[in-house]
Amino acid sequence: MNIKPDCLVCLMNQTLKVSKLLELDDNTSKRLLDNTAQLLTEHDLNHTPPQIAKSIYSMISEVTGKSDPLALAKEQATKLALSVNTDFVQTIQDAIKLAVIGNVIDFGAQNQFDLNAMIQDHFHRSFGIDDLAEFEQELTEAKELVYIGDNVGEHVFDKLLIEMIKKHYPHVEVYYFVRGKPIINDVTIKEAQILSNCAHIIDTGAETPGYDLSEVNMESKAIFERADIVLAKGMGNFESLYLAAERSVYYLFVVKCNVVAQAIGKEIQELIFKRG
């Protein structure tokens, strides 16, 4: 899914947010914003938001000397997710609902939402697009499931969903895909270790905040292509794969920006479980 003008503003705002998170001085903050503006002029509208974000965050790391600029934000998000009492999750449907609500833990989103408030407000709401029945039907015969992770923090709820799937469909081998290096607050092999007891953790080699088929490694691409089911979490994976993947993919995310809302004909804050 290619960028729209709204995405340019969002990316500039992300740079400003990182500057404030790192408590940078005004001169360094301006340098980051100037560099971001330059990078935006160098990319046309045929690029996806994750592809441009890769260039911007690489620049931020180079200027600040921090290989993982959002390390603190990721630690805070994990603590927040672990503090949630999940005793109310009893079924796969419950686990999917909590997993998608957890997608609001997103430093790079245009709109920010409170996790606990979203759980209270949205857990009993219906999906804006709901292909859950088809997903569960495919699970009955599937041998391999690829689960493409998104943000740190929500990976805690990904674990709960995978455990629930394994409980009801023990014949399914699950592969949890992570980014190849720190990018925004996306999950990498480091944070994903908490899922090692329920899934095979796969470093995709992707340096974009989304599973970009043009740059992922051969190992993950082979698994992606052969798996019976692919579940892609979050808007970054949707932006990278929607209309680009030649196979069916289930997209699980919260609508958090106008561009994605327009692309799928839904409203901001709606919960999406779409087979595409």
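Residues numbered from 1 in each chain as written. Predicted model: local features only at pLDDT ≥ 70, side-chain atom pairs only at ≥ 80, totals over all residues. Heavy atoms only, no water.

Novice: Lay out the packing of aromatic side chains in plain terms, naming residues and giving numbers.
Specialist: Scanning the model with the defined rule gives 12 aromatic pairs in all. Relative to Tyr242, the ring of Phe238 has its centre 4.5 Å away and its plane inclined at 25°; by these criteria the two rings are stacked. Members of the aromatic cluster, each reached through a chain of ring pairs, are Phe127, Phe135, Tyr250 and Phe273. Sitting over the face of the ring of Phe123, Lys97 holds its NZ or CZ atom 5.9 Å from the ring centroid. (Phe/Tyr/Trp six-rings, centres within 6.5 Å; stacked < 30°, edge-to-face > 60°. Lys NZ or Arg CZ within 6 Å of the ring centre and 35° of its normal.)

Novice: So what's going on with the environment of Arg226? Residues and values would help.
Specialist: Within the secondary structure, Arg226 is located in helix 9 (residues 218-226). Under the relative-accessibility criterion, Arg226 is labelled partly exposed at 47%. Between the C-alpha atoms of Arg226 and Asp106, which are 120 residues apart in sequence, the distance is 29 Å. Setting aside residues no more than four positions away along its own chain, Arg226 makes contact with Glu144, Tyr175 and Arg247. (Helix = DSSP H or I, 4+ residues; strand = E, 2+ residues; numbered from the N terminus. Buried < 20%, exposed > 50% of the residue type's maximum accessible area, 1.4 Å probe, protein only. Contact = heavy atoms within 4.5 Å.)

Novice: Provide a residue-level description of the pairing of strand 6 (residues 250-254), including the pertinent values.
Specialist: Burial analysis of strand 6 places 5 of its 5 residues in the buried class, which makes it a mostly covered element. For strand 5 (residues 229-233) and strand 6, the ladder comprises 3 bridges, and the chain directions are parallel. By the bridge assignment for strand 6, Lys233 is matched with Leu252. Crossover strand 5 to strand 6 through helix 10 (residues 234-241) is right-handed. Sheet topology note: the strand 6/strand 7 (residues 271-275) ladder contains 5 bridges and is antiparallel. Of the residues in strand 7, the one forming a bridge with Leu252 is Phe273. (Pairing = 2+ DSSP bridges. Right-handed = clockwise from strand over helix to strand, strands pointing away.)

Novice: Give a description of the nonpolar core that names residues and reports values.
Specialist: Judged by nonpolar contacts, the single largest core of 51 residues is most densely connected at Ile56, Tyr57, Ile148, Phe177, Phe224, Leu241 and Phe253. If you tally residues by element for this core, the top one is helix 3 (residues 49-64), at 7 residues. Beyond its immediate chain neighbours, meaning those up to four positions away, Leu241 contacts Ile148, Tyr211, Leu213, Phe224, Ala232 and Tyr251. (Core = buried A, V, L, I, M, F, W, Y, C linked by side-chain atoms within 4.5 Å.)

Novice: If you had to explain the environment of Gly149 to someone new, which residues and values would you point to?
Specialist: Within the secondary structure, Gly149 is located in the loop between strand 2 (144-148) and helix 8 (155-168). Considering only alpha carbons, one finds Gly149 and Asn237, 88 residues apart in sequence, at a separation of 8.4 Å. Those residues within four positions of Gly149 in sequence are excluded, and the remaining contacts are Asp158, Tyr176, Phe177, Arg179, Val187, Lys233 and Asn237.

Novice: Describe the side chain of His122, with residues and values.
Specialist: If you trace the backbone, His122 turns up in helix 6 (residues 115-122). For His122, a relative accessible area of 2% corresponds to the buried category. In this structure His122 touches Lys97, Ile101, Gln269 and Leu271, once residues within four positions along its chain are discounted.

Novice: Help me get a handle on the sheet that holds strand 4 (residues 200-203), residues and values and all.
Specialist: Strand order in this open sheet of 7 strands is 1-7-6-5-2-3-4, and the pairing throughout is mixed. Taken across any chain shown, the strands that pair with only one partner, and hence form the sheet edges, are strand 1 (129-130) and strand 4. In the sheet, strand 2 pairs with strand 5 via 4 bridges, with the strands oriented parallel. Along strand 5, the bridge assignment pairs Leu145 with Ile229. Here helix 5 (residues 92-101) sits on the sheet and contacts strand 2, strand 5, strand 6 and strand 7; the angle it forms with strand 6, its principal contact strand, is near 60°. The strands that helix 9 touches are strand 2, strand 3 (173-178), strand 4 and strand 5; relative to strand 3, the one it contacts most, it runs at about 135°. (Axes fitted to C-alpha atoms, helices over the stretch in contact; angles between N-to-C directions.)

Everything listed here is a matter of coordinates, which is why it stays silent on function.
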